[in-house]
Amino acid sequence: MAGQLIPADGGSVRDYGEGLTFSVVVTCLMAASCGLIWGYDSGVSGGVTQMESFLSKFFPEVLRGMKNTKRDAYCKYDNQWLTAFTSSLFIAGTLSSLVASHLTRRLGRQAIMLIGGMLFLAGSIINAAAVNIAMLIIGRMLLGFGLGFTLQAAPVYLSETAPARWRGAFTSAYNAFLVIGILSATITNYFTNRIPVWGWRVSLGLAAVPSAIIVVGALFISDTPSSLVLRGHPDRARAALQRNRGLDADIDSEFRDIVNAVNEAQRNDKGAFRRLFSKEYRHYLAIGVAIPVFFEFTGMIVIGIFSPLLFRTVGFNSQKAILGSVINSATNLVATLLSSLVMDHTGRRFLFIIGGLGMMVCEVAISWIMADHLGKHEGVTTMPRSYAIGVLVLICLCTFSFGLSWAPLRWVVPSEIYPVEVRSAGQALSISIQLSISFVELQVFIALLCAMKYAVFLFYASCLLVMTIFVAVFLPETRGVPLEAMRSVWEGHWYWRRFTKDAKLNSNQDSGL
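Being a predicted model, the structure only gives us computed values, none of them experimental.

Examining the overall build of the protein chain
Scanning the protein chain for helices and strands turns up 25 helices and two strands. Looking at the protein chain residue by residue over its 513 residues, the buried ones come to 60%.

Dropping the structure here:
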């Protein structure tokens, strides 16, 4: 007999009583491993762009600027082609995620992950063999196409497969693998930086390893029950659900709710993107857009990718700058694993608020140190060693707050809030928004650092204040609520319930009731 769960915002939802099985753990971990490719790329690109072997081949003007003692410390790496190498991946990912949202309904989430892994594999081979900037950019674009496909499929795959009471932990596993990818990349850079001339090729070429893992792994997992029902395969969907929940588990209630949710979606299938922008879906759209936008303005994406350059800016040499990134990545991994353990107990909103406040304090402190000790006097291009170490510590504390909150929750919340009829479209919208802002942000960050200097961190801190207030006031708590019953958390929220009433009224009118 199914029990009842009481969501934080009121109301009751069905508890299917799902247990953990070996099958669901292996399946979810395989899907979550898609985070490896983004993590590895994020970690490796920032390190490679400050390697002298890489710069001397493709960006010799940057290398000359680094050695110019009269150059402003904040402006050493201000080169648009150099930032285009990093940011081009994100514009390709934006376009491919929108394409993937349409293909998902025809091919399923498992097939989309497989295609994404293959595209990323091709891009990593081209980048490792690059002989000019054009080859680098083409390789980065292929990496972006692969990233867009896997980002579209993997987080939603996890949310649809995992048991409701452990959905936060399993969906945040994507971020755990992402951080493992970052850590692996920074360790790789630490050793390849010592190889003259071609060390950067090893770093870029090893991106083939995580993409190969995804390609092989995707061949051995089935699609999600919701996706299979949506594509007209109810028998396969039931078998997949039974395998995930255990051969002796009673899945009748859960499978019936999945079928009903899909049938409702198909009855109202007037174009998922058009529906998403209609009034009855306004509450989903507001949160689905706010989370990726706010995520980008934490400042942690640019700090994570450009951390080696930041450490070089404050005075570390190349090897120590990469070592600092290794320490920062390890801190991120510890925080992410801790978040996975506590997320389904503390809830989403609590972690969002605590993490936001922690990042805000750290970024204000970083700004103060850089303002007081770097570039204050003409000709001063590095800060005292003790203060440079202080910046490293503060960045690690900021990263810990980020890894505990926004880093994993950015994947968890958007993948679980949407009803099935707009889930693929909503995920595509969230991903395309995030990648678009990432492209702009990465393209201009080095120029902003050069122009705004330490004030760039005050800008991000002010954004964190705004987003933390927004989360505290407007984000409903989704902890432990089955996807098929997610509408209940909106009905119990003080502000969004007015939109759920409009949606019910429109649904009744459409049904002739």
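Considering the nonpolar core
Grouped together as the largest cluster of nonpolar side chains are 120 residues, with contacts concentrated most on Trp38, Phe54, Tyr174 and Trp406. Looking at this core, the element that brings in the most residues is helix α22 (residues 423–452), giving 10 residues. Residue contacts for Tyr174: discarding those within four places in its chain leaves Ala32, Cys34, Gly35, Trp38, Leu151, Ala154, Leu158 and Trp411. Grouped together as the second largest cluster of nonpolar side chains are 11 residues, Ala237, Ala240, Ile258 and Val420 included.

Describing empty space enclosed by the protein
Under the definition given, this model contains six cavities of 30 Å³ or more. Of the voids in this model, the largest cavity is the one considered here, and its volume is about 340 Å³. Around the largest cavity, the lining comprises 25 residues; the ones closest to its centre are Leu178, Ile182, Met300, Gly304 and Asn332. When contributions to the lining of the largest cavity are tallied by element, the ones reaching two or more residues are α2 (35–48), α8 (167–192), α16 (300–305), α17 (307–313), α18 (318–346), α20 (385–404) and α21 (406–417). Of the residues forming the lining of the largest cavity, the biggest block, five residues, is contributed by α8. Across the lining of the largest cavity, the residue classes break down as 13 nonpolar, 12 polar and no charged.

A look at helix α7 (residues 133–161)
It helps to recall that an α-helix has 3.6 residues per turn; residues three or four apart then point in one direction. With 29 residues, α7 ought to run about 42 Å at 1.5 Å a step, and its terminal C-alpha atoms sit 41 Å apart, in line with that. The largest bend along α7 reaches roughly 25° and is located at Thr150. In terms of burial, α7 is a largely internal element, 22 of the 29 residues being buried. Of the residues flanking the start of α7, the one acting as N-cap is Asn132, its side-chain oxygen 3.2 Å from the backbone nitrogen of Ala134.

So, the packing of helix α1 (residues 22–32) against α8
Put simply, α1 and α8 touch, their axes get as near as 8 Å, and they point 40° apart. One finds that α1 runs oblique with respect to α8. The two elements α1 and α8 cross, and the hand of that crossing is right-handed. On α8, the residues that touch Val24, Val25, Cys28, Leu29 and Ala32 of α1 are Phe170, Ala173, Tyr174 and Phe177. Taken together, the residues that form the contact of α1 with α8 break down as nine nonpolar, no polar and no charged.

Focus: the packing of α8 against α18
The axes of two packed helices give the description: the angle between them and the distance between them. Direction vectors running N to C along α8 and α18 enclose 170°, while the axes themselves pass 9 Å from each other. Between α8 and α18, the angle is such that the two are roughly antiparallel. Read as a crossing pair, α8 and α18 show a hand that is left-handed. A per-class count over the contact of α8 with α18 returns 15 nonpolar, 11 polar and two charged.

Re a nonpolar patch on the surface
Together, Leu465, Ile469, Val473 and Trp494 make up an exposed nonpolar region whose accessible area comes to about 380 Å². If you trace the backbone, Leu465 turns up in helix α23 (residues 455–474). For Leu465, a relative accessible area of 42% translates into the label partly exposed.

Quick notes on the environment of Ser401
Relative to the assigned elements, Ser401 resides in helix α20. Distance in space between the C-alpha atoms of Ser401 and Thr336 is 9.5 Å, their sequence separation being 65 residues. With near-sequence residues (within four places) excluded, Ser401 lies in contact with Gly355, Gly358 and Met359.

Some words on the confidence of the model for the protein chain
Model confidence for the protein chain is summarised by a mean pLDDT of 83, while 86% of its residues fall at 70 or above. This stretch, residues 1–13, has a pLDDT under 50; its non-local contacts, to residues over four places away or in other chains, come to 35 contacts.

Quick look at the packing of aromatic side chains
One pass over the structure, following the stated rule, counts 23 aromatic pairs. Considering the side-chain rings of Tyr284 and Trp490, the 5.2 Å spacing of their centres and the 70° angle between planes classify their relative orientation as edge-to-face. Of this pair, Tyr284 sits in helix α15 (residues 282–296) while Trp490 sits in helix α24 (residues 487–491), and the two are 206 residues apart along the sequence. The pair Tyr284 / Trp490 is uniform in exposure class, with both members buried. Aromatic side chains Phe474 and Trp496 sit 6.1 Å apart centroid to centroid with 55° between the ring planes, which places their arrangement in the tilted category. Note that Phe474 is positioned in helix α23 and Trp496 in the loop between α24 and α25 (497–510), a separation of 22 residues in sequence. The class for Trp496 is buried, based on a relative accessible area of 5%. Here the guanidinium or amino end of Lys57 rests over the ring plane of Phe58, the centre of that ring lying 5.8 Å away.

Rules used throughout
Residues numbered from 1 in each chain as written. Predicted model: local features only at pLDDT ≥ 70, side-chain atom pairs only at ≥ 80, totals over all residues. Heavy atoms only, no water. Helix = DSSP H or I, 4+ residues; strand = E, 2+ residues; numbered from the N terminus. Buried < 20%, exposed > 50% of the residue type's maximum accessible area, 1.4 Å probe, protein only. Core = buried A, V, L, I, M, F, W, Y, C linked by side-chain atoms within 4.5 Å. Contact = heavy atoms within 4.5 Å. 1 Å grid on protein atoms, 1.4 Å probe; cavity = no way out; pocket = protein on both sides within 12 Å on 5 of 7 lines; lining within 4 Å. Points joined across faces, edges and corners; volume = space filled by probe spheres on them. Nonpolar A, V, L, I, M, F, W, Y, C, P; charged D, E, K, R; others polar. Expected span 1.5 Å × (residues − 1). Bend = angle between axes of the 7 residues up to and from the residue. Polar contact = N/O pair within 3.5 Å; in protein donor to acceptor, adjacent residues only side chain to side chain. Axes fitted to C-alpha atoms, helices over the stretch in contact; angles between N-to-C directions. Parallel < 35°, antiparallel > 145°, perpendicular 65-115°, else oblique. Left-handed = near helix turned anticlockwise from the far one by under 90°. Patch = residues over 30% accessible without salt bridge, like charges linked within 9 Å, V, L, I, M, F, W, Y side chains within 5 Å. Areas by Shrake-Rupley, 256 points an atom, 1.4 Å probe, with all protein chains shown as cover. Salt bridge = Lys/Arg side-chain N within 4 Å of Asp/Glu carboxyl O. pLDDT = per-residue confidence, 0-100. Phe/Tyr/Trp six-rings, centres within 6.5 Å; stacked < 30°, edge-to-face > 60°. Lys NZ or Arg CZ within 6 Å of the ring centre and 35° of its normal.

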